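What follows is the residue order along each chain.
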Amino acid sequence: MRNILFIFISLSLSTLVLQNTYAQINDKWQGVGIETNFLGGQIIKHSKKFTAPIPAFSSTLDINMVWQTYGKKAWHQGRGFPAVGVGITFTDYGNNAVFGQCIGIYTDLQIPLVRGKQWEWTLKVGDGIGYVTRKYGTPTANDTTNTAIGSHINDFAILLTDVRYHVNKHWDIQAGANFTHISNAGFKSPNLGVNMVGAHIGIRYFPTTSTPDRIIKDPVKLSNRWLAQMRAGISFKEARAAGKPIKPTYLGALYISKRWLSKNKFFTGIDYAYHEDVYAFL
């Protein structure tokens, strides 16, 4: 945790150096900035099968490249000019012998909930890939206690809500609550997943400006049409059978959709899944 906190402070101070060069950056970089957050919290024991000891404290360093939309695309204005980004996280769960550490890379969408001149409240949703250094079955003394993670590669999801204060057009400070999740969706077992909740503090820096001039256009009126659609997919899961083979699951869907208010859709339909891992078990 001390290492992550030290890196957070170092990154926060290093952004001061960028302030001396912002005037030399081309206008096309308006709305582009860097965000650093220090997350502190604890793992949630969400299942009776989760027998691993819960560390007293877990911490995460989150670094995110932010792009504030300004209306270049029609959906920017339709969604209230959200921010998009690409982030990387370094998580220390507080017990390396059991849970190890996680490096996550994700893309995110930050949606404004309440916006004022100096204050705003936002919701950020991100998803990507997480690499976990410790998994069930690794040759350590405590390997069998970590029934949460069965593979090094996992899905990484992050949810943050921030209350942010705009110091000026370059600097923001923020604090809020967060939730992170890692899991491999049953590709390798055991796979209870690791959920972590906590609070965070952070800063954002935009070398040019955090509020680029917006392009305001008349909303595009799309017909609220009905559509018939279909999808097909494939996934893989470890079978509870001798040798633990990885078996495919075939997915199909037939559904109809109805556009609403020119920008939303309702869906209804039928899903079908064929699980070969179930037949392997039987």
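Residues numbered from 1 in each chain as written. Predicted model: local features only at pLDDT ≥ 70, side-chain atom pairs only at ≥ 80, totals over all residues. Heavy atoms only, no water.

**Comments concerning the confidence of the model for the protein**
Scored by pLDDT, the protein has a mean of 87; 88% of the residues are at 70 or more. Across residues 16-24 the pLDDT falls below 50, and counting only partners more than four positions away or on other chains, this stretch makes eight contacts in the model. (pLDDT = per-residue confidence, 0-100. Contact = heavy atoms within 4.5 Å.)

**Examining a nonpolar patch on the surface**
Judged by side-chain polarity, Phe 187, Ile 234, Phe 236, Ile 246, Tyr 250, Tyr 272, Tyr 274, Val 278, Tyr 279, Phe 281 and Leu 282 come together as a nonpolar surface patch covering roughly 1200 Å² of accessible area. Those elements that provide at least two residues to the nonpolar patch are β9 (226-238), β10 (246-260), β11 (264-275) and α3 (276-281). Tallying contributions element by element places α3 first for the nonpolar patch, with three residues. By secondary structure assignment, the location of Val 278 is in helix α3. Taking relative accessible area as the criterion, Val 278 reaches 38% and is therefore assigned partly exposed. (Patch = residues over 30% accessible without salt bridge, like charges linked within 9 Å, V, L, I, M, F, W, Y side chains within 5 Å. Areas by Shrake-Rupley, 256 points an atom, 1.4 Å probe, with all protein chains shown as cover. Salt bridge = Lys/Arg side-chain N within 4 Å of Asp/Glu carboxyl O. Helix = DSSP H or I, 4+ residues; strand = E, 2+ residues; numbered from the N terminus. Buried < 20%, exposed > 50% of the residue type's maximum accessible area, 1.4 Å probe, protein only.)

**Some details on unusual backbone geometry**
Of all residues except glycine, most have a negative phi; of all peptide bonds, most are trans. Here the amide bond leading from Ser 189 into Pro 190 is cis, since omega sits at 0°, within 30 degrees of zero. Structurally, Pro 190 can be placed in the loop between β7 (171-183) and β8 (194-205). Located in the positive-phi region is Ala 185, a residue other than glycine, with phi close to 60°. For Ala 185, the position within the fold is in the loop between β7 and β8. Look at Ala 185 and you get exposed, because its relative accessible area is 69%. Phi angles above zero are rare outside glycine, and Leu 261 is one such case at about 55°. The residue Leu 261 is located in the loop between β10 and β11 in this model.

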